[in-house]
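The lines below spell out each chain.
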Amino acid sequence: MKTISVKIIDPIGLHARPASKLTNEASKFKSEITINLDGKTANAKSLINLMALGVKSNNKIEIGARGLDEIEAIAAIEKVMKENKLI
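Residues numbered from 1 in each chain as written. Predicted model: local features only at pLDDT ≥ 70, side-chain atom pairs only at ≥ 80, totals over all residues. Heavy atoms only, no water.

Looking now at unusual backbone geometry. Located in the positive-phi region is D38, a residue other than glycine, with phi close to 50 degrees. Mapped onto the elements of the fold, D38 is located in the loop between β2 (32–37) and β3 (40–43). Since its relative accessible area comes to 69%, D38 is described here as exposed. Even without a glycine there, the phi angle at K85 is positive, about 55 degrees. Among the secondary structure elements, K85 is positioned in the segment after α3 (70–83). (Helix = DSSP H or I, 4+ residues; strand = E, 2+ residues; numbered from the N terminus. Buried < 20%, exposed > 50% of the residue type's maximum accessible area, 1.4 Å probe, protein only.)

Next comes the structure, spelled out in structure tokens:
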């Protein structure tokens, strides 16, 4: 399993538009991809799961991936988050 920790810098937090882009990117990979916040875990391939986490600005989250393409998946998710100024 590959994991990274990031701090959300978007003033609104992880809101619908970037969350949608994140789920679209995550869905391209075979690995199981999760987002963890304060002991809660969401499937990164599910927009509803991500939104239910309620990730706010300055929250530190952990992104994890497990599977054959986990390294590529983490890199792609991190790239999408940077492009959308989430981290």
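In space, the 4 strands of this open sheet follow the order β1-β4-β2-β3, with antiparallel pairing throughout. Either end of the sheet is taken by a strand with one partner, and the two such strands are β1 (2–7) and β3. Each strand of the sheet is rotated relative to its neighbour by a mean of 25 degrees, with strand direction disregarded. By the bridge criterion, 4 bridges tie β2 to β3 in an arrangement that is antiparallel. By the bridge assignment for β3, L37 is matched with K40. Helix-sheet contacts for α3 involve β1, β2 and β4 (60–66), and the interaxial angle to β4 is about 145 degrees. (Pairing = 2+ DSSP bridges. Axes fitted to C-alpha atoms, helices over the stretch in contact; angles between N-to-C directions. Contact = heavy atoms within 4.5 Å.)

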